[in-house]
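If you want the building blocks of each chain, they are given just below.
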Amino acid sequence: MSSSSRAGRLAALLAERELDQLLVGDLVRPGDSAPDAISNLRWLTGFSGTSGLAIVGAKDRVFLTDFRYLERAQREVAPEFERATAERELLAAAVKWLRGRVGYDDAQTSVKNLRKLEQLVAEGVELVAAGGLVERLRRRKDAGELRAIAEAARLADQVYGWVFDRGVVGRTEGEIMIDAHQRMRELGADNPSFPAIVAAGENSALPHHSSSERPVGAGELLLIDMGAVVDGYCSDCTRTVAVGEIDDDAREVYELVRSAQAMALEAIRPGVGARDADAVARDPIAQAGHGEHFGHGLGHGVGLEVHEAPRLSQRSDQTIEVGDVVTVEPGVYLPGRFGVRIEDLVTVTEDGCRNLSSFPKDLRVVS
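Predicted, not measured: the structure shown is a model, and the values here were computed from it.

Conventions we followed
Residues numbered from 1 in each chain as written. Predicted model: local features only at pLDDT ≥ 70, side-chain atom pairs only at ≥ 80, totals over all residues. Heavy atoms only, no water. Helix = DSSP H or I, 4+ residues; strand = E, 2+ residues; numbered from the N terminus. Rg over C-alpha atoms; globule rule 2.2 N^0.38 Å. Buried < 20%, exposed > 50% of the residue type's maximum accessible area, 1.4 Å probe, protein only. Contact = heavy atoms within 4.5 Å. Areas by Shrake-Rupley, 256 points an atom, 1.4 Å probe, with all protein chains shown as cover. Lys, Arg positive; Asp, Glu negative; His and termini not counted. Charge placed at Lys NZ, Arg CZ, Asp CG, Glu CD. Core = buried A, V, L, I, M, F, W, Y, C linked by side-chain atoms within 4.5 Å. Expected span 1.5 Å × (residues − 1). Pairing = 2+ DSSP bridges. Axes fitted to C-alpha atoms, helices over the stretch in contact; angles between N-to-C directions. Parallel < 35°, antiparallel > 145°, perpendicular 65-115°, else oblique. Left-handed = near helix turned anticlockwise from the far one by under 90°. Salt bridge = Lys/Arg side-chain N within 4 Å of Asp/Glu carboxyl O. Phe/Tyr/Trp six-rings, centres within 6.5 Å; stacked < 30°, edge-to-face > 60°. Lys NZ or Arg CZ within 6 Å of the ring centre and 35° of its normal. Polar contact = N/O pair within 3.5 Å; in protein donor to acceptor, adjacent residues only side chain to side chain.

Counting secondary structure elements, the chain contains 10 helices and 20 strands. Taking 367 residues into account, the globule formula puts the C-alpha radius of gyration at 21 Å, and the chain, at 23 Å, falls close to it. Expressed along its principal axes, the backbone C-alpha trace of the chain runs to roughly 70 × 40 × 35 Å. Burial statistics for the chain: of 367 residues in total, 57% are counted as buried. In the chain, the share of contacts with a sequence separation of at least 24, taken over all contacts with a separation of at least 6, comes to 68%. Counting every atom, the chain has about 15,800 Å² of accessible surface; 47% of that belongs to carbon and sulfur. With 43 positive and 58 negative side-chain charges, the chain shows a separation of 4 Å between the mean positions of the two kinds.

Let us now look at the nonpolar core. In terms of nonpolar packing, the biggest core is built from 38 residues, with Leu10, Leu22, Val24, Leu44, Phe81 and Leu133 touching the most fellow members. Looking at this core, the elements with two or more residues in it are α1 (3-16), β1 (21-25), α2 (35-45), β2 (52-57), α6 (133-138), α7 (143-166) and β11 (233-234).

With that settled, consider helix α10 (residues 274-290). Its 17 residues give α10 an end-to-end C-alpha distance of only 21 Å, which falls more than 12% under 24 Å, the value for a rise of 1.5 Å per residue. Among all positions of α10, only Ala274, Ala277, Asp278, Ala281, Arg282, Pro284, Ile285 and His290 are buried. Next to the buried residues of α10 lie α9 (248-267), β14 (308-312) and β16 (331-334).

Spatially, the six strands line up as an open sheet ordered β4-β3-β2-β1-β5-β6, and their pairing is mixed. Edge positions in the sheet fall to β4 (82-85) and β6 (126-129), since each of these pairs with one other strand and no more. In this sheet, adjacent strand axes meet at a mean angle of 25° when their direction is disregarded. Relative to β2, β1 is paired through five bridges, and the arrangement is antiparallel. Across the sheet, residue Val24 finds its bridge partner in β2, namely Ala54.

Their axes nearest at 7 Å, the elements α9 and α10 cross at an angle of 155°. One way to sum up the angle between α9 and α10 is to call them roughly antiparallel. The two elements α9 and α10 meet at a crossing, and its hand is right-handed. In this structure, α9 uses Val253, Leu256, Ala260, Met263, Ala264 and Ala267 to contact α10, whose residues at the interface are Val280, Ala281, Pro284, Ile285, Ala288 and His290.

Okay, the sheet that holds strand β8 (residues 197-200) next. Taken in spatial order, the four strands line up as β8-β9-β12-β20 in an open sheet, and their pairing is mixed. In this open sheet, the two strands that pair with only one neighbour each are β8 and β20 (365-366). Running over the sheet, helix α8 (residues 173-187) touches β8 and β9 (220-226) and is turned about 150° from β8.

For residues that are not glycine, phi is negative in most cases, and the peptide bond is trans in most cases. Of note, the amide linkage connecting Ala309 to Pro310 takes the cis form, showing an omega dihedral of 0°. Assignment of secondary structure puts Pro310 in strand β14. Of note, the phi angle at Glu18 is positive, near 60°, even though the residue is not glycine. Along the polypeptide, Glu18 turns up in the loop between α1 and β1. With a phi close to 50°, Asp231 is a non-glycine residue in the positive phi region.

Per the counting criterion, the structure on display carries 28 salt bridges. Across the pair Lys116 and Glu89 runs a salt bridge whose closest N-O atoms are separated by 3.0 Å. In this pair, Lys116 is assigned in helix α5 (residues 111-120) and Glu89 in the loop between β4 and α4 (90-94), connecting sequence segments 27 residues apart. We classify Lys116 as buried; its relative accessible area is 19%.

So, about the packing of α7 against α8. Following both chains from N to C, one finds α7 and α8 inclined at 130°, their axes separated by 10 Å at the closest point. One finds that α7 runs oblique with respect to α8. The crossing of α7 and α8 is right-handed. Of the residues in α8, those in contact with Leu155, Gln158, Val159, Trp162, Val163 and Arg166 of α7 are Ile176, Asp179, Ala180, Arg183, Met184 and Leu187.

Under the definition given, this model contains five aromatic pairs. For the pair Tyr160 and Phe359, a centre-to-centre distance of 5.6 Å together with 35° between the ring planes defines the contact as tilted. Of this pair, Tyr160 sits in helix α7 while Phe359 sits in the loop between β19 (352-355) and β20; the two residues are 199 residues apart in sequence, bridging distant segments of the chain. For the pair Tyr160 and Phe359, one class covers both residues: buried. Following the ring pairs from residue to residue traces out a cluster consisting of Phe47, Phe63 and Tyr69. One Lys or Arg, Arg282, reaches over the ring of Phe294 and ends 3.9 Å from the middle of that ring.

Another aspect to go through is the pairing of β14. Relative to β14, strand β13 (residues 299-301) runs antiparallel, the two being bridged by three bridges. The residue of β14 that forms the bridge with His300 is Arg311. What sits between β13 and β14 in their antiparallel hairpin is a turn of six residues.

We now examine the side chain of Glu329. Here Glu329 shows up in the loop between β15 (325-328) and β16. Polar contacts involving the side chain of Glu329 include one to the side chain of Thr327, which spans 2.8 Å. Non-local contacts of Glu329, meaning those with residues more than four positions away in its chain, are made with Asp236, Phe294, His296, Gly297, Leu298, Gly299, His300, Arg341, Ile342 and Glu343.

Following this line, the structure appears as structure tokens:
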């Protein structure tokens, strides 16, 4: 979908909210960047820098940046946007285009910048909290976005095979992480979508473990969670493998998680509540006596950010929609012993979901 179509969709949404314009960009900290706000700006305009503001209305298409990003803006920003340069602060330069009821993202605007806006805008301009509008549109991925995400998932799958074929015993978690990052880039990824989690043995019981200097040993589980970025879009996938022979408890937990994940994949379809999808995986895990060992949600949206809407969890009130790209990642974590997580990335279709992760999930034994 072109930026023109995206701006048009956003303008239509503004009309529903009785807004004349929306400010899109980072209004949190001058000179810093808020990831969601920057992703919103990129989705809307194509700009991949960290200093920019867009103004969108029924007929308004204005993009502002400072001198550091002029050349990038010329290359990246959609041609429908009028480009303007701010000599100092973007907010001070933007106010001359603002009129009527102007929405701003209250989740991405600091109190300081809101006060500044209130002082700068002309009489008759009303500032209205309107957070989440761009994120709402970003949920439904178009064909180009899906191609990028699918390619990022394919690259991650390739890296899994490469890591396990090389062997892991005696290598540290950190070494495996660094090599995985490098291999992704060699295969064509922009970057890893986050620092890969490589967690061996008892470390696999820590859902967000930071890869360490601990070497991988025989007779334990190894959990790796990683993703790639392609054309700005992320993937996310987790696999847990056996390093040599493991005990029956570990095998039993692995099969429990694998079965729960398979059931959850079957449940992912339009109209299903995010809380209900979470329960499909959570209930059998709880029935097996491991309810307290599954402490995170079933999954989350993935796109320009590796964590975005929707959230699949016990506390979510969202509903799964066509075009969502979400992870399905139940886990069981036994403190001090081991953990198992199996995570796929899927796109929601009219009649279910399409799995973008293809690396096998039968328990793999590596050395």
